[in-house]
Amino acid sequence: MIPRYGEQVRRGRRYRHRAGVYAILERDGAWLLTCKEDDPTDIQLPGGGIDPGESPIQALHREVFEETGWRIGAARRLGAFRRFVWMADYGYWGEKLCHIYTARPVRPHGPPTEPGHRALWMPAREAAPLLGNAGDRAFGQAFAAGRLPRPRPAA
């Protein structure tokens, strides 16, 4: 069973399914995260929706690059959770199936390419409780506590 976090499902409301991928990116005890330039307190795991014809791993690489400017390696799936949420950017209620990965941040290629995003580094134990939704926080706290696997080391 996939855990659910956040808002209760409302009877009679139509939800569109939206699968997405998100990453815990750790390097030297700190996490690479993203936030909106106009709201730096909305700290998020980099990631987003899987586009039609795109594999989850392709989407993960694209989304992390767009939101942080970094390339990643050694992606490893940790699990998934569901959220039912208003998706303001799309104008509809969504049933988000959020696949959580861990990966190594390999190297930066410049600033985020997605307008309005900013990359930031934060110590893992500080970052986990600040993540913007309950599902990300649950995975982040389990990862920070060592209860989830780490990406494979660089060869």
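Presented here is a report on the structure given in the accompanying data block.

Basis of the calculations
Residues numbered from 1 in each chain as written. Predicted model: local features only at pLDDT ≥ 70, side-chain atom pairs only at ≥ 80, totals over all residues. Heavy atoms only, no water. Helix = DSSP H or I, 4+ residues; strand = E, 2+ residues; numbered from the N terminus. Rg over C-alpha atoms; globule rule 2.2 N^0.38 Å. Buried < 20%, exposed > 50% of the residue type's maximum accessible area, 1.4 Å probe, protein only. Core = buried A, V, L, I, M, F, W, Y, C linked by side-chain atoms within 4.5 Å. Contact = heavy atoms within 4.5 Å. Expected span 1.5 Å × (residues − 1). Disulfide = S-S within 2.5 Å. Phe/Tyr/Trp six-rings, centres within 6.5 Å; stacked < 30°, edge-to-face > 60°. Lys NZ or Arg CZ within 6 Å of the ring centre and 35° of its normal. Salt bridge = Lys/Arg side-chain N within 4 Å of Asp/Glu carboxyl O.

Secondary structure assignment for the chain yields 3 helices and 8 strands. In the chain, the succession of helices and strands from N to C terminus is β-β-β-β-β-α-β-β-β-α-α. Against the globule reference of 15 Å for 155 residues, the chain gives a C-alpha radius of gyration of 15 Å, in line with a compact fold. Taken along its principal axes, the extent of the C-alpha atoms in the chain is 50 × 35 × 30 Å. When burial is assessed residue by residue, the chain has 46% of its 155 residues classed as buried.

The next subject is the nonpolar core. If you look at the biggest cluster of nonpolar residues, it comprises 22 residues, and the most contacted ones within it are Ile-24, Trp-31, Leu-33, Leu-45, Leu-78 and Ile-100. Here this core takes 4 residues from helix H3 (residues 134-144), the largest share from any one element. Among residues more than four places away in sequence, those in contact with Leu-33 are Ile-43, Gln-44, Leu-45, Pro-46, Thr-68, Arg-118, Ala-119, Leu-120, Met-122, Ala-127 and Leu-131. Listed in part, the 12 residues of the second largest apolar core include Ile-50, Val-64, Trp-70 and Tyr-101.

Given a rise of 1.5 Å per residue, 13 residues ought to cover 18 Å, and the 18 Å separating the end C-alpha atoms of helix H1 (residues 56-68) matches this to within 8%. For H1, every residue scored as buried is listed here: Ala-59, Leu-60, Glu-63, Val-64, Phe-65, Glu-67 and Thr-68. Two residues or fewer past H1, Gly-69 is found with a positive phi of approximately 85 degrees.

Right, let's get into the state of the cysteines. The tally for this structure, following the rule as stated, stands at 0 disulfides. No disulfide involves Cys-35; its sulfur sits 19 Å from that of Cys-98, the nearest cysteine. Judged by relative accessible area, which is 2%, Cys-98 ranks as buried.

Before going further, it helps to examine the packing of aromatic side chains. Inspection of the entire model under this criterion finds 8 aromatic pairs. For the ring pair Tyr-15 and Trp-93, a centre distance of 6.2 Å and an interplane angle of 75 degrees mean the geometry is edge-to-face. One end of the pair, Tyr-15, is in the loop between strand E1 (4-5) and strand E2 (16-27); the other, Trp-93, is in strand E7 (residues 92-108), with 78 residues separating them in the sequence. For the pair shown, Tyr-15 and Trp-93 are each scored as buried. Among the aromatic residues, those joined into a cluster by ring pairs are Tyr-15, Phe-84, Trp-86 and Trp-93. Seen from the ring of Trp-93, Arg-13 lies directly overhead, with NZ or CZ sitting 3.6 Å from the centre. A cation sits over an aromatic face here: Arg-71 above Phe-65, 3.9 Å from the ring centre.

With that settled, the discussion passes to the pattern of salt bridges. Counted under the stated rule, the structure contains 8 salt bridges. Taking the shortest distance from any N to any O, the salt bridge between Glu-63 and Arg-62 comes out at 3.0 Å. For Glu-63, a relative accessible area of 7% translates into the label buried. Across the salt bridge formed by Arg-82 and Glu-95, the nearest N and O atoms sit 3.4 Å from each other.

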